[in-house]
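# Structural overview
Spelled out from the first residue to the last, the chains are:
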Amino acid sequence: MSEEQTRPALQKTYDVVMPILKRDWPAAERGLEFVLQNLPLRRLVVLSAPDILPLLPKDGRVAFMDENTLCPGLTLAAVKKLVYRRIYTDKRAGWYFQQFLKLAYARVCTDEAYITWDADTIPLRPIPYQNEAGQYLFTIKDEYNPPYFDTLAALLGLQKQIPESFIAENMIFDAALVKEMLCEIEANGALEGSAFWQKILFAIAPGQLAGSAFSEFETFGSYVLARHPGRYALRRLATLRSGKNILGASPSRQMLLWAGKSYDTVSIEKFNASTPLVLLAKSEAYRKSHTAAGLEAHKRRYKLIPAVYGWGRSLWPRFKAWGGRYKRMLRRMRG
């Protein structure tokens, strides 16, 4: 693949839906070129509050929708109020809210399907969402959080369907199947509330609500495999979730093109930490003779930082204390 990636001819394009806060738009903007180029995108729908509007580019492919008017009754304030009513804190309300928005979009989608894309993830290569048989494609990874499946059982009476996870920072949603699932959730008379998002919040045990206890990806993926087997196929992509460790918070375009020789997607998540390995990734000479996958392997070999949840506060002082050892390590990596 050449450094100047070109978008292949695609027969089908979709709305790509991106819920995002205004404060996080600069991070999303760094990957915007790649999103517009490498996804089968008809338009990028930015779901946010109106205060983001001055930041959005004047591009006909980028559209704005007010997150608080997408679905009647579904607002950030309403979600905060309900979460607070149950556990006397609303600190995770925004995290649940953005998941509800991704599902609610099915009820306004004018096409057969739509894609949701996490704002801190960059598609480095063209990403297809259908195979030759016409099946939509679920991207699977390796993750397991039991509370997601406690909630799934309470909502839909379903269990985990596959050993792998559907959490892959993006998903194509068959709009009709999402609407069907939401109607089934709303018909669950054992749960308080009327709207699907209220039912979801009441399905979560109070002791789990302040953490991560619902996944739109795990819920929809499990629902489809259980209720509509064969509608989707499974695939893996070469993904790097801990991209900030080796590329830093603001990787250049050339760094991203280099990473694209190893990975399909990279995530630059704000809770991760940059490491001194970024100095190597920034070096044009290093990039000419090394790969991003190789640099990630060095990170793991030297146990610099866990793959996802890192020790960001203690990492840099540790390297400073190493002094000469740190410099010698980098020299070995340059090879």
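Up top you'll find the structure we're talking about.
Here is a short report on the structure shown in this document. Only a predicted model underlies this, so the values are computations on that prediction, with no experimental measurement involved.

On to helix H9 (residues 216–227), then. Helix length check: H9 (twelve residues) gives 16 Å between terminal C-alpha atoms against 16 Å at 1.5 Å per residue, within 8%. In this structure Ser215 caps H9, since a side-chain oxygen of it lies 3.3 Å from the backbone nitrogen of Phe217.

Here Tyr88, not a glycine, exhibits a phi torsion of approximately 60°, which is positive. Tracing the backbone shows Tyr88 in the loop between helix H3 (76–87) and helix H4 (93–104). Positive phi values are uncommon outside glycine, yet Glu169 reaches one of about 70°. One can find Glu169 in the loop between helix H5 (146–156) and strand S7 (170–174). With a relative accessible area of 3%, Glu169 lands in the buried category.

Let us now look at the nonpolar core. Side chains that are nonpolar tend, in soluble globular proteins, to be buried together. Among the nonpolar cores identified, the biggest contains 82 residues, and Phe100, Phe196 and Phe220 are the most heavily contacted of them. No other element matches H4, which puts seven residues into this core. Apart from residues lying up to four places away in sequence, Phe100 is in contact with Leu74, Val79, Phe196, Trp197, Ile200, Leu201 and Phe214.

Turning our attention to the side chain of Arg235. Checked against the element boundaries, Arg235 lands in strand S8 (residues 232–235). One buried charged residue, Arg235, remains without a salt bridge, the closest side chain of opposite sign being Asp264 at 7.7 Å. Side-chain polar atoms of Arg235 contact the side chain of Thr139, separated by 2.7 Å. Once residues lying within four places of it in the same chain are set aside, the contact partners of Arg235 are Ile127, Pro128, Tyr129, Leu137, Phe138, Thr139 and Ile140.

Turning our eyes to something else, we now look at the sheet that holds strand S3 (residues 62–66). Each strand in a sheet pairs with another by means of backbone hydrogen bonds, the pair being arranged parallel or else antiparallel. Spatial strand order, S3-S2-S1-S4-S7: five strands in an open sheet with mixed pairing. The strands lining the two open edges of the sheet, one partner per strand, are S3 and S7. Sheet twist, expressed as the average angle between the axes of neighbouring strands with direction ignored, equals 25°. As defined by bridge partners, strand S4 (residues 113–117) adjoins S7 across five bridges and the pair is classed as antiparallel. Of the residues in S7, the one forming a bridge with Tyr114 is Phe173. Strands S4 and S7 of the sheet are contacted by H9, whose axis makes an angle of about 45° with S7.

So, about the pattern of salt bridges. Considering all chains together, one arrives at 21 salt bridges under this definition. Here Arg107 and Glu186 are joined by a salt bridge, their closest N and O atoms 3.0 Å apart. Of this pair, Arg107 sits in the loop between H4 and S4 while Glu186 sits in helix H6 (residues 175–186); the two residues are 79 residues apart in sequence, bridging distant segments of the chain. Among the charged side chains, a network of salt bridges with common partners joins Lys12, Asp15, Arg42, Arg43 and Asp111.

Let us look at the packing of H3 against helix H7 (residues 196–203). Contact pair H3 / H7: the axes reach a minimum separation of 11 Å and the direction vectors enclose 25°. Put simply, H3 runs roughly parallel to H7. In the crossing of H3 with H7, the sense of the turn from one axis to the other is right-handed. Contacts between H3 and H7 involve Ala78, Val79, Leu82, Val83, Arg85 and Arg86 from the former and Trp197, Gln198, Leu201 and Phe202 from the latter. Per-class residue counts for the contact of H3 with H7 are seven nonpolar, one polar and two charged.

For Ala154, the position within the fold is in helix H5. A residue is classified by how much of its surface remains accessible, and Ala154, at 32% relative accessible area, is partly exposed. Measuring from C-alpha to C-alpha, the distance between Ala154 and Ile200 comes to 8.7 Å, with 46 residues separating the pair along the chain. Sequence-distant contacts of Ala154, defined by excluding residues within four places in its chain, comprise Asn188, Leu191 and Ala203.

What counts as what
- Residues numbered from 1 in each chain as written.
- Predicted model: local features only at pLDDT ≥ 70, side-chain atom pairs only at ≥ 80, totals over all residues.
- Heavy atoms only, no water.
- Helix = DSSP H or I, 4+ residues; strand = E, 2+ residues; numbered from the N terminus.
- Expected span 1.5 Å × (residues − 1).
- Polar contact = N/O pair within 3.5 Å; in protein donor to acceptor, adjacent residues only side chain to side chain.
- Buried < 20%, exposed > 50% of the residue type's maximum accessible area, 1.4 Å probe, protein only.
- Core = buried A, V, L, I, M, F, W, Y, C linked by side-chain atoms within 4.5 Å.
- Contact = heavy atoms within 4.5 Å.
- Lys, Arg positive; Asp, Glu negative; His and termini not counted.
- Salt bridge = Lys/Arg side-chain N within 4 Å of Asp/Glu carboxyl O.
- Pairing = 2+ DSSP bridges.
- Axes fitted to C-alpha atoms, helices over the stretch in contact; angles between N-to-C directions.
- Parallel < 35°, antiparallel > 145°, perpendicular 65-115°, else oblique.
- Left-handed = near helix turned anticlockwise from the far one by under 90°.
- Nonpolar A, V, L, I, M, F, W, Y, C, P; charged D, E, K, R; others polar.

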